[in-house]
Amino acid sequence: MTAKPQLTFVQIWNMCFGFMGIQFGFALQNSNVSRIFQTLGANVDEIPILWIAAPLTGLLVQPLVGYFSDRTWNSLGRRRPYFLGGAILATLALLAMPNSPTLWIAASLLWMLDASINVSMEPFRAFVGDQLPSQQRPTGYAMQSFFIGVGSVVASLLPWLFAHWGVANTAESGIVPDTVKYSFYAGAVALFGAIGWTVVSTREYPPAQLLGFDAGRADSEAPPARNTAAGWGWLAAGIAAVLLVYVTHIDKQLYLLAGGLAAYGAIQLAVAASRTRNLFTDIVDDMHAMPPTMRKLAVVQFFSWFALFAMWIYTTPAVTAVHFGATDTASAAYNDGANWVGVLFAAYNAFAALAAVLIAPMTRRFGLRVTHLVNLCLGGAGLASFVVIRDPHWLLLSMAGVGFAWASILSLPYALLADTVRADKMGVYMGIFNFFIVIPQLLAASVLGFLLKMLFGNAPINALLIGGASLVVAGVCTLSVTEKRS
């Protein structure tokens, strides 16, 4: 096998630059969608289910894009066609979303926006695995984290900046303020421009050449087992959960969790019954045959992204209610608080950009696992501190810890994973790895509203405490992952 050549700093910069544009879309979504939903009439306990579009589209789109991008080669290359196609659709969604006239249209546009961003984002993860040798992959993923931080800082600050530049920060009831609209327009331009730069400034290895490099190997090549009994078990559990929710009339959002259990069982039964190989069976079989390292990282990802989803959907209602004392979405206090959430989100991404610079030397000194443990514990402490801090300016300190966790989540699990995956399955396994980002978000959308209502007095601030605890659990679970040292 031929050793994969190392790339220069400029080459790594160019191949990762598009992630800054992707994060413009995600940051505007994460810091403003709850605000848009509340402005259009959503209640606090309805927000999680309205966010369901975001993780569900990732669950459906990313493995498909990974599967097809592994098998694509044309004049644009292997991954770049998906960069460009997703960028076009995401740009259109960003332009339309702040002009949504009704709540259901806003939820539908969130679905379109998240699906389009996922079409571009998933191949970017595989792109680093394709292009870089093993020893440069932590640098590549850290560079992506740096651009994610930079893009998110600017995007999250946009409503606050536009307000300081004199743009109207309030509007009639049911109308999204101009500060948010202009922010989405600017984000659309930035997203398309950044991804376009990566498309025109990078090249890709042809499939035959890529297979000739000494890329990572799967930990196991054993044929996957198709377990009919397990499929029936999951299906029965899902049906029983649906009936329980129906009979007891508890939170209707729990139907999502019950439906997910039943769907997983039905998928296993369908694959077990199939006598042919196709896209669907290949993805499910690859999921069952995933390397042991990936299985352990799945647990880490589960608790990490459960915490992040809790932060994204509940920070706006928590900060506006607790730190600014406002629940009326048309009031100046509420909109000032919502803008401050944008500043806080910009702050954690700024700290993430700084952390991305520090992660490489930290991993050389302490290793990938210990570095990830430390960063996740910092993030857990940051989220938990929202419960005790009352001065909103001191929340910037909380976001320092969150920023280190965010940079680590975006880089180190992928560095741990990439060395265990074969080159010809890099795309599909990066897509499957997204299941363990999406499933905890679906679970959060199902149970967080119920938990807050039943156990925490329906106070959104307590969702951040749950998120902090979840990050600490994720950090401890990292220690079970096997680390391959160069």
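Residues numbered from 1 in each chain as written. Predicted model: local features only at pLDDT ≥ 70, side-chain atom pairs only at ≥ 80, totals over all residues. Heavy atoms only, no water.

**Some thoughts on the packing of helix H17 (residues 426–433) against helix H18 (residues 435–455)**
How two helices pack is summed up by the angle between their axes together with the distance between the axes. Look at H17 against H18: their axes get within 5 Å of each other, and the N-to-C directions meet at 20°. Here H17 lies roughly parallel to H18, going by the angle between them. Residues Gly 431, Ile 432 and Phe 433 of H17 lie in contact with H18, whose contacting residues are Phe 435, Phe 436 and Ile 437. (Axes fitted to C-alpha atoms, helices over the stretch in contact; angles between N-to-C directions. Helix = DSSP H or I, 4+ residues; strand = E, 2+ residues; numbered from the N terminus. Parallel < 35°, antiparallel > 145°, perpendicular 65-115°, else oblique. Contact = heavy atoms within 4.5 Å.)

**Description of the packing of aromatic side chains**
Summed over all chains, the structure comprises 19 aromatic pairs. Taking 5.5 Å as the distance between ring centres and 65° as the angle between the ring planes, the aromatic pair formed by Phe 146 and Phe 147 counts as edge-to-face. Residues Phe 162 and Trp 165 carry aromatic rings whose centres are separated by 5.5 Å and whose planes lie at 90° to one another, so their mutual orientation is edge-to-face. Members of the aromatic cluster, each reached through a chain of ring pairs, are Phe 9, Trp 13, Phe 17, Phe 146 and Phe 147. (Phe/Tyr/Trp six-rings, centres within 6.5 Å; stacked < 30°, edge-to-face > 60°.)

**Points about a nonpolar patch on the surface**
Together, Ile 88, Leu 89, Leu 92, Leu 95, Met 112 and Phe 192 line one region of the surface with nonpolar side chains, adding up to about 500 Å² of accessible area. You can see Met 112 is positioned in helix H5 (residues 103–131). Its relative accessible area of 31% is what places Met 112 among the partly exposed residues. (Patch = residues over 30% accessible without salt bridge, like charges linked within 9 Å, V, L, I, M, F, W, Y side chains within 5 Å. Areas by Shrake-Rupley, 256 points an atom, 1.4 Å probe, with all protein chains shown as cover. Salt bridge = Lys/Arg side-chain N within 4 Å of Asp/Glu carboxyl O. Buried < 20%, exposed > 50% of the residue type's maximum accessible area, 1.4 Å probe, protein only.)

**Focus on the confidence of the model for the protein**
The predicted model of the protein has a mean per-residue pLDDT of 83, with 92% of residues at 70 or higher. Here residues 215–223 is modelled with pLDDT under 50, and outside its nearest four sequence neighbours on either side it reaches 24 contacts, counting other chains as well. (pLDDT = per-residue confidence, 0-100.)

**A few points about the pattern of salt bridges**
In this structure the tally under the stated criterion is five salt bridges. Arg 79 serves as the salt-bridge partner of Asp 130, at 2.7 Å between the closest nitrogen and oxygen. Taken as a pair, Asp 130 in helix H5 and Arg 79 in the loop between helix H3 (53–70) and helix H4 (80–96) lie far apart in primary sequence, 51 residues in all. We note a salt bridge from Arg 80 to Glu 204, for which the minimum N-O separation is 3.4 Å. Of the two residues, Arg 80 is situated in helix H4 and Glu 204 in the loop between helix H7 (178–201) and helix H8 (207–212); the sequence distance between them amounts to 124 residues. On the accessibility criterion, Arg 80 (10% relative accessible area) is buried.

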